[in-house]
Amino acid sequence: MSGAERGPVLVWVDVVGTEPTRGALQAIDAARRLAAAAGTHVHGVAAGEDAQVAARYLPTVHRIDALPDGHDARVRAWHASLDGTGATMFVVAGTRTALAVAPRVAVRAGGAYLEEAVTLTVEDGQVVAERLTQLQRVTERLVAEATSAVVTVKVGAFAEAEPAEELGSVEVLDVVADERDRRVTVRPHEGGSGAAVALEEADVVVAGGRGLGSAEAFDTLVIPLAERLGGAVGATRAVVDAEWRPYGEQIGQTGKTVAPTVYLALGISGAVQHMSGMNRSRWIVAINADADAPIFQQCDVGVINDVHAVVPELMKALEER
Amino acid sequence: MIDFSLGPTQKEMQGLARRFARDRIAPVAAQHDRDASYPTDVIDEAARLGLLNLRVPEAQGGLGLGVLDEAIVGEELAFGCMGIYTVLMASDLGVTPLVLHGSENQRDRFLTPLVGGGARLAAFALSEPDAGSDPAAIRTRARREEGGWRLNGRKMWISNGALADFTVVFATSDPERGAAASVALVVPADADGLSWREVHGKLGQRAAPTFEMILDDVHVPEDHLLGEVGDGIRIALSTLDQTRVPVAAGSVGVARRALHEASRYATERKAFGKPIAQHQAIAFKLADMEIRLQTARWQTWHAAWLADAGEPCGHHAAIAKAYASDAAFESASEAVNVLGGYGYVDAYPVAKLLRDVKLNQIYEGTNEIQRLVIARRVIREAEA
Amino acid sequence: MKIVTVIRRVPDAEARVRVEGDDVVLTGAAWVLDGMDEYGVEEALRLRESGIDAEIVALAVGPDATEEALRTALAMGADRARLLTTDAAPDPLTTARMLAAAIQEEEADLVLVGGKQADWDSAALGPALAETLGWPVADWTTSLAVDGDTLQCVHDADVGNEALAMPLPAVVTTQQGLNDPRYPTLPNIMKAKRKELRAEPAPDASASVRTVSRTVEQRERRRTLIEGDPREGAHAIVSLLREAGA
């Protein structure tokens, strides 16, 4: 298919405050690459006021007003944006919500779904993406063999897009509401993750494992270090199972996936399930007294020593900076 | 022709036992060994999962599993800890005389409660302070009296003993007549005159409680007699013919654990610029461990298959028991060498393997006795 | 009530991964019922044990060997199992299409499926299945209750939790913490032998994505290791932080 036949690449833009989220910026970067390879343009899609923010990055933005809560409404909105713009490619950051909504959009559109893409391009008129499988250890190259493709983009795999030189234009996209979108009622519920810095957006993550020895060690070592570095606190499954930390901090196969600039692993052995949640971090630092811990095979700097001895020294050295 | 593969149900059982060993036994094994403490939680959960008293027949509410099933499960549990497995193995040792020689009524009365709920154990008492390898020389005396038997004497090295609901005790009704006057009697835990003294200071298998049994004018009713007067030793030996197989399976589990620990260590530890597994001296040790492991397992399963087929299995069970325990001991010893200094301290699991599996060469018929059994048949065939 | 638990057979996390040509080769792989799907089987069992009269059917798409994983589900307590056989290793959306017909045939009220699949590293199966069926879906569910015709649950959102309510029939995908899956007991493993496990060819469904190649991730890390004085370790970390601009 030619660029014209494919229509624009659509990218969903989530906004926090007055800026797109880091995920959204990465999705915009991915969408721009895809559009360049397909010989077409990128259009933004955003909810209400978010469209103005998105217009700082994209020449055309489709605004969807009065978007109800819940996934069903979102499926309808994203599908409507494909229909309403003649687009055949939809890109969005792989947040928890997007990972649940995007495959449904693909099914509804009769298209292909490319999940958590780490690279994105067009070859021979078809969308091609690479993604990771087998607990993030194998890279698969996939070709979308349908007319349309919905893509979720893996956290941290793309660069954050810079604003455009000119402010783009915003047009309203009408989405016809449907009874079925109200079949699920949504209410906030207490007991959320309560993370001070959202884990997936953090530049620095300081994570603790069973090797710390106690829940108290999080208070004395992990949290102060995270605060000093302006980072987020993470935990392994073992620590969450032991009820030292809440589930919202868990990183790994059944927890969150993060790709910060620096990941500091304190008292973490480096089991495959944990590594799969953080091994795309730009730099990995490990501190563990066990020289045989597998994490030492997969770190950039590894300190084979007692965490309780090293972290105080680290805090001191950081003060001196 | 023979099919060497496990059926789907056997694979499921193996999977369950493996997970249980990994998740529940292995994490607490070192602690119980250090403290010589009984693993109550592990045994309770084993009972809940149906891993205890596997031989209790279906008619009594049990699973009625065979010897091969027991061997498959036993290897997995012993991989986690041989000491903890001995608790389960010894309970089936107490169950087996009733399975093989008890009346239906006796099976109902004694075996049904074992699978009724909670962790209920059985025990088997043949050895005495002065009689181990020579069962015909047992001196525990059973005298006929009104309504039953009066027992006096001592038994030694009884696994589970004080924790068991009942113990099958082998005694003589007439020391002059030896085996021809021997009896097998089911002694319940609450029998008057029965007491136990725990044995302390064991080299290994310290999670498995071991006792001296003191019978001081213990009365048991007539219907607690298995078979007839004169059957006692025969019942004991035919039981041991079969129960040798789970012991062998336990040894296979230890041999496998030794190879597992040694090979993982050898692929990570470096010397002279490469992992020590790349040095032939170490590689050959690993190969020999593998040779011993495979041979031990197949002979164990062969003996199990014979038992389940109703064929005489004593000879092959003796081979399995002797070979597997010697093999496991050798492998555990080599594993210590592979780990070097780390193999010698209890922060690493291999030293315990060596201490634990030494007992497999001794209990349930010493390896010397096994060799007598094996030699007897070889010689008999040569003389024929 | 009819509950269908969708399960998959995946390699155990201990397996070592290698790629030969374009195929993934797993050494030392034990194949197991996907842990995330186990939460689904367990939740179905708990719903029944809470007093709801339910028939629980374990359903899978995969090669013949998938029977082993279905047997595990039966041994946990599912009543029946069905296997839609195919050697094609279909992607999530195609798998969803294959499952939908069987689910409609069963007239299921509730479908439980793992929130993430361990070999695909994908969270798409549950949502795609719901969309194919036209049913509402609750993903990453950490607690659920059935009240007549309504499903009430709590699930993980991007930040924090949400409480959802929706009419049955519905699809629920599981999350860690939903429950503690039971071991199949030996008696149940034996009983499972007698439970029905029906295999039939999976319906035809054409895939919309095609894998053209696979490579093992090679991410070379520096592996600078420091032992000895904790201060040296601290300084090495500070150097890296400086280099990283953190």
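All residue numbers here refer to positions counted from 1 along the written sequence of the relevant chain. Here chains are named by letter from A upward and ligands by number from 1 upward, in the order in which they appear as written. Reporting of local features is limited, given that this is a predicted model, to residues whose pLDDT is at least 70; pairs of side-chain atoms are given and counted only at 80 or more, and all residues count toward the totals for whole chains, interfaces and linings. Side-chain measures were taken over the full set of non-hydrogen atoms in the model, leaving aside hydrogen atoms and water.

A.B. asks: Which residues make up the overall build of chain C, and what values do they have?
C.D. replies: A tally of helices and strands in chain C yields six helices and 15 strands. Summarising its shape, the C-alpha atoms of chain C cover approximately 65 × 45 × 40 Å along the three principal directions. Looking at chain C residue by residue over its 246 residues, the buried ones come to 57%. Note on areas: Shrake-Rupley, 1.4 Å probe, and residue coverage restricted to the protein chains presented here. When the accessible surface of chain C is split by element, carbon and sulfur atoms take 44% of a total near 9,700 Å². Positive and negative side-chain charges in chain C, numbering 26 and 42 respectively, have mean positions lying 5 Å apart. Numbered from the N terminus, helices here are DSSP runs of H or I no shorter than four residues, and strands are runs of E no shorter than two. Partly exposed residues are those whose accessible area sits between 20% and 50% of the maximum for their type, while under 20% is buried and over 50% is exposed, using a 1.4 Å probe and protein chains only. For the charge count, each Lys or Arg is scored as positive and each Asp or Glu as negative, with His and the chain ends excluded. Note that the charge is assigned to NZ on lysines, CZ on arginines, CG on aspartates and CD on glutamates.

A.B. asks: So, the interface of chain C and chain B: which residues are in play, and what are the values?
C.D. replies: Taken together, the contact between chain C and chain B spans 14 residues of the former and 19 residues of the latter. For any pair of parts, buried area is found by adding up, for both, the accessible area (1.4 Å probe) each one loses once the two are put together. Surface buried jointly by chain C and chain B totals about 1,500 Å² across both partners, of which 65% is contributed by carbon and sulfur atoms. Among the residues chain C hides against chain B, the three largest losses belong to Tyr183, Leu186 and Ile189 of chain C. Together they make up 47% of the total. We count a salt bridge whenever a side-chain nitrogen from Lys or Arg sits within 4 Å of a carboxyl oxygen from Asp or Glu. For the pair chain C and chain B, the interface holds two salt bridges. Between Glu38 of chain C and Arg19 of chain B there is a salt bridge whose closest N-O contact spans 3.3 Å. Any N or O atom pair separated by 3.5 Å or less is treated as a polar contact, with the protein-specific requirement of one donor-capable and one acceptor-capable atom, and with residues adjacent in sequence counted only for side-chain atom pairs. At the boundary of chain C and chain B, one finds four residue pairs in polar contact (both at pLDDT 80 or more). Elements supplying a minimum of two residues to the side of chain C that touches chain B: α2 (67-76) and α5 (186-192) of chain C. Grouping the amino acids of the side of chain C that touches chain B by side-chain chemistry returns seven nonpolar, two polar and five charged. Note on definitions: a residue-residue contact is assigned when non-hydrogen atoms from the two residues lie within 4.5 Å. For this classification, Asp, Glu, Lys and Arg are treated as charged, while Ala, Val, Leu, Ile, Met, Phe, Trp, Tyr, Cys and Pro are nonpolar and the rest, including Gly, are polar.

A.B. asks: Tell me about the sheet that holds strand β11 (residues 161-167) of chain C, and name the residues and values.
C.D. replies: Taken in spatial order, the ten strands line up as β13(A)-β11(C)-β10(C)-β9(C)-β12(C)-β8(C)-β1(C)-β6(C)-β7(C)-β13(C) in an open sheet, and their pairing is mixed. Two strands in the sheet have a free side with no partner beyond their single neighbour: β13 (185-189) of chain A together with β13 (197-201) of chain C. When the angles between neighbouring strand axes are averaged without regard to direction, this sheet yields 30°. Note on definitions: angles span 0 to 180 degrees between N-to-C directions of axes, and those axes are lines fitted to C-alpha atoms, for helices only across the stretch in contact. Packed on one face of the sheet, helix α1 (residues 35-49) of chain C meets β1 (2-6), β6 (55-62), β8 (110-113), β9 (137-147) and β12 (170-174) of chain C and runs near 165° to β1 of chain C. Against the sheet, helix α4 (residues 125-133) of chain C touches β1, β8, β9 and β12 of chain C, its axis set at about 180° to β12 of chain C. A strand pair is defined by DSSP finding two or more bridges across the two strands.

A.B. asks: Report on the interface of chain C and chain A, specifying residues and quantitative values.
C.D. replies: In this assembly, 77 residues from chain C lie in contact with 85 residues from chain A. Buried surface at the junction of chain C and chain A, summed over both partners, amounts to about 7,000 Å²; 54% is from carbon and sulfur atoms. Considering only the side of chain C, the residues that lose the most area to chain A are Glu131, Gln176 and Arg221 of chain C, jointly responsible for 10% of the buried surface there. Where Arg214 of chain C meets Glu140 of chain A, a salt bridge forms, and the shortest distance between an N and an O atom there is 2.8 Å.

A.B. asks: Tell me what's going on with the packing of aromatic side chains, and back it up with residues and numbers.
C.D. replies: Each aromatic pair joins two rings of Phe, Tyr and Trp (for Trp, the six-membered one) with centres within 6.5 Å, and gets the label stacked for planes under 30 degrees apart, edge-to-face for over 60, and tilted for any other angle. Tallied over the full model, the rule gives nine aromatic pairs over all chains. Between the aromatic rings of Trp196 of chain B and Phe211 of chain B, the centroid separation amounts to 5.9 Å while the plane-to-plane angle is 70°, which identifies the pairing as edge-to-face. Of this pair, Trp196 of chain B sits in strand β6 (residues 194-198) while Phe211 of chain B sits in strand β7 (residues 210-221), and the two are 15 residues apart along the sequence. Feature note: the residues Trp12, Trp78 and Phe90 of chain A constitute an aromatic cluster, connected by ring pairs. Lying across the ring of Phe329 of chain B, Lys358 of chain B places its NZ or CZ 4.2 Å from the centre. By the criterion adopted, a ring carries a charge over it if an Arg CZ or a Lys NZ lies within 6 Å of its centre and within 35 degrees of its normal. Between the NZ or CZ atom of Arg8 of chain C and the centre of the ring of Trp120 of chain C, over which it lies, the distance is 3.6 Å.

A.B. asks: Pulling in residues and values, what's your account of the pattern of salt bridges?
C.D. replies: Residues and elements named next belong to chain A. Within the structure shown, the criterion is met by 67 salt bridges over all chains. With a closest N to O distance of 3.9 Å, Arg74 and Asp14 form a salt bridge. With Arg74 in helix α4 (residues 71-85) and Asp14 in the loop between β1 (9-12) and β2 (15-16), this residue pair connects regions lying 60 residues apart in the sequence. Since its relative accessible area comes to 25%, Asp14 is described here as partly exposed.

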